[in-house]
Amino acid sequence: MHPTENEPLPQGGHAEIRIVSATPEAARAVAEVIRRCFAGAEQRSYPAPGGGTRLHLTVDTETAAGPARTWLATSRPPTGPGPHTEEP
């Protein structure tokens, strides 16, 4: 996909990101990494020529995403108040 002269620029402090992949899962995996770095992330998905997927993101380049968590932290079950085993 090539940009056109008529395509509007994103507003200041934002960037448009285009991801093209053979599968929707691959595009979503890349988008997830980008969302860990930048706030925002309006997302739109379109079919790509040849059966692939195009994913468009709008990110806020002036605002960092929330604090990143390590893969170890995200793989552990949540802790804290929750139902006890004796509760229905």
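Predicted, not measured: the structure shown is a model, and the values here were computed from it.

Draft legend 1. The overall build of the protein, seen in detail. Check the secondary structure of the protein and you find two helices and three strands. A total of 88 residues make up the protein; the buried ones form 19% of that total. Excluding contacts between residues fewer than 6 apart, the proportion of contacts in the protein whose partners are at least 24 apart in sequence is 55%. For the protein, the exposed surface amounts to about 7,000 Å²; the carbon and sulfur share of it is 58%.

Draft legend 2. Expanded view of the environment of Ala15. In this fold, Ala15 is placed in strand E1 (residues 14–21). Its relative accessible area of 23% is what places Ala15 among the partly exposed residues. Taking the C-alpha atoms as reference, Ala15 lies 6.7 Å from Thr61; in sequence the two are 46 residues apart. If near-sequence neighbours (up to four positions away) are discounted, Ala15 is found in contact with Pro10, Leu57, Thr58, Val59 and Thr61.

Draft legend 3. Up close: the environment of Arg28. Considering the arrangement of structural elements, one finds Arg28 in helix H1 (residues 24–37). Its relative accessible area of 45% is what places Arg28 among the partly exposed residues. Residues Arg28 and Ser45, spaced 17 residues apart in sequence, show a C-alpha to C-alpha distance of 9.7 Å.

Draft legend 4. Geometry of the nonpolar core. By size, the foremost hydrophobic cluster in this structure holds seven residues: Ile19, Ala27, Ala31, Ile34, Leu55, Leu57 and Val59. Listed by contribution, the elements that provide at least two residues to this core are H1 and strand E3 (53–64). Apart from residues no more than four positions distant in its own chain, Ile19 is found in contact with Ala27, Val30, Ala31, Ile34, Thr53, Arg54, Leu55 and Leu57.

Draft legend 5. Summary view of the pattern of salt bridges. Scanning all chains against the criterion turns up five salt bridges. Where Arg44 meets Glu16, a salt bridge forms, and the shortest distance between an N and an O atom there is 3.0 Å. Taken together, the positions of Arg44 in strand E2 (residues 38–47) and Glu16 in strand E1 put the pair 28 residues apart, joining distant regions of the chain. Looking at Arg44, the relative accessible area reads 22%, which means it is partly exposed.

Draft legend 6. Broad picture of the confidence of the model for the protein. Averaged over every residue, the pLDDT of the protein is 76; residues scoring 70 or more account for 67%. Ignoring residues within four places in sequence, the model shows residues 84–88, a span with pLDDT below 50, making one contact including any to other chains.

Draft legend 7. Quick peek at the environment of Ile34. For Ile34, the position within the fold is in helix H1. Taking the C-alpha atoms as reference, Ile34 lies 9.3 Å from Ile17; in sequence the two are 17 residues apart. Beyond its immediate sequence surroundings of up to four residues, Ile34 is in contact with Ile17, Ile19, Leu57 and Val59.

Scoring rules and cut-offs
Residues numbered from 1 in each chain as written. Predicted model: local features only at pLDDT ≥ 70, side-chain atom pairs only at ≥ 80, totals over all residues. Heavy atoms only, no water. Helix = DSSP H or I, 4+ residues; strand = E, 2+ residues; numbered from the N terminus. Buried < 20%, exposed > 50% of the residue type's maximum accessible area, 1.4 Å probe, protein only. Contact = heavy atoms within 4.5 Å. Areas by Shrake-Rupley, 256 points an atom, 1.4 Å probe, with all protein chains shown as cover. Core = buried A, V, L, I, M, F, W, Y, C linked by side-chain atoms within 4.5 Å. Salt bridge = Lys/Arg side-chain N within 4 Å of Asp/Glu carboxyl O. pLDDT = per-residue confidence, 0-100.

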